Amino acid sequence: MFGPLTESLRTSRLLLEPLAVHHAEEMAEALADPRLHRYIGGRPLTAAELRVRYARLVAGPAPFHQESWLNWVVRRRRDRRAVGYVQATVRPGPRGREAAVAWVIGMPYQGFGFATEAARAMVGWLAAHGVTEITASIHPDNVASATVARRLGLHPTPETSTGETVWRSGTTGPT
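Now for a quick tour of the structure.

Thresholds, definitions, all that
Residues numbered from 1 in each chain as written. Predicted model: local features only at pLDDT ≥ 70, side-chain atom pairs only at ≥ 80, totals over all residues. Heavy atoms only, no water. Pairing = 2+ DSSP bridges. Helix = DSSP H or I, 4+ residues; strand = E, 2+ residues; numbered from the N terminus. Core = buried A, V, L, I, M, F, W, Y, C linked by side-chain atoms within 4.5 Å. Buried < 20%, exposed > 50% of the residue type's maximum accessible area, 1.4 Å probe, protein only. Contact = heavy atoms within 4.5 Å. Phe/Tyr/Trp six-rings, centres within 6.5 Å; stacked < 30°, edge-to-face > 60°. Salt bridge = Lys/Arg side-chain N within 4 Å of Asp/Glu carboxyl O.

Our focus in this paragraph is the pairing of strand 7 (residues 154-161). Across five bridges, the pairing between strand 7 and strand 8 (residues 164-169) is antiparallel. Bridge pairing in strand 8 links Ser161 to Glu164. Between strand 7 and strand 8, which pair antiparallel one after the other, the connecting turn spans two residues, and Thr162 there sits at a positive phi close to 45 degrees.

Put into structure tokens, the structure is as follows:
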């Protein structure tokens, strides 16, 4: 599908940089607030734990899998500070390539539109590279992420995945 991700994306305020193991230190700091995990689960990971996770993500799935893991660190352009990440898992679908996407912005950086701006850049890049359907799984109480999904043109569906509502492009459903 996609080889190793090497392309950075730019928006008016952000730089999306392909994830690398060396990002672990600064991302541990950006994602350290336990409140961030209220809807996404888990707990803040240490830099050492993130290094292990990032090494696995950068390596990608086993070669026989028909999916690609795409991960970008989100930085503010004005000071190059890491504020979060966006990710997409791309796989073949019944109507072409589809991507399950997610966005996570650290607590100090929420409320400035960074999630929408970064996710919009990622979704635009995916569309330019042949992805025809986008999904996102969002906790039913996560109003902020639901707002981002709506701004991306996604709609909630009756589908659920591990207790989260599946949002999908081009689908109408309950709001």
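Read on, since the account is not over.
Counting 36 residues, the largest nonpolar core has Leu16, Leu70, Trp72, Val101, Trp103 and Leu126 as the members making the most contacts within it. Taken together, the elements giving at least two residues each to this core come down to strand 2 (14-18), strand 3 (68-76), strand 4 (82-93), strand 5 (96-105), helix 3 (114-128), strand 6 (131-138) and helix 4 (143-151). For this core, the element with the highest residue contribution is helix 3, accounting for nine residues. Excluding anything up to four places from it in sequence, Trp103 contacts Tyr85, Val86, Ala115, Ala119, Ala136, Ile138, Ser145, Val148, Ala149 and Leu152. Listed in part, the 13 residues of the second largest apolar core include Ala24, Met27, Ala28 and Tyr54.

Attention now goes to the packing of aromatic side chains. Following the criterion strictly, the structure yields two aromatic pairs and no others. Summarising the aromatic geometry, the rings of Trp72 and Trp125 are spaced 5.4 Å apart at their centres and angled 75 degrees between planes, so their arrangement reads as edge-to-face. Pair noted here: Trp72 is in strand 3 and Trp125 is in helix 3, with a separation of 53 residues, a long-range link. Like Trp72, the residue Trp125 is buried in the burial classification. For the ring pair Phe112 and Phe114, a centre distance of 5.8 Å and an interplane angle of 35 degrees mean the geometry is tilted. With a relative accessible area of 7%, Phe114 lands in the buried category.

The next point concerns the environment of Leu45. Turning to its location among the elements, Leu45 is positioned in the loop between helix 1 (24-30) and helix 2 (47-59). Separated by 18 residues in the primary sequence, Leu45 and Met27 place their C-alpha atoms 9.2 Å from one another. Residues in contact with Leu45, not counting those within four places in the same chain, are Ala28, Leu50 and Arg53.

Its place among the elements puts Leu14 in strand 2. The exposure class assigned to Leu14 is buried, which follows from its relative accessible area of 0%. In this structure the C-alpha to C-alpha distance between Leu14 and Asp79, which are 65 residues apart in sequence, comes to 9.9 Å. In this structure, Leu14 is in contact with Leu9, Val74, Arg75, Arg76, Arg77, Phe114, Glu117 and Ala118, ignoring residues within four places of it in sequence.

Counted according to the given criterion, the structure contains 14 salt bridges. Its salt-bridge partner being Arg80, residue Glu17 comes within 3.3 Å of it at the nearest N-O pair. Of the two residues, Glu17 is situated in strand 2 and Arg80 in the loop between strand 3 and strand 4; the sequence distance between them amounts to 63 residues. With a relative accessible area of 14%, Glu17 lands in the buried category. In this structure Arg80 comes out as partly exposed when scored by relative accessible area, which is 44%. When salt bridges with common partners are traced through the structure, they connect Glu17, Glu26, Arg75 and Arg80 into a single cluster.

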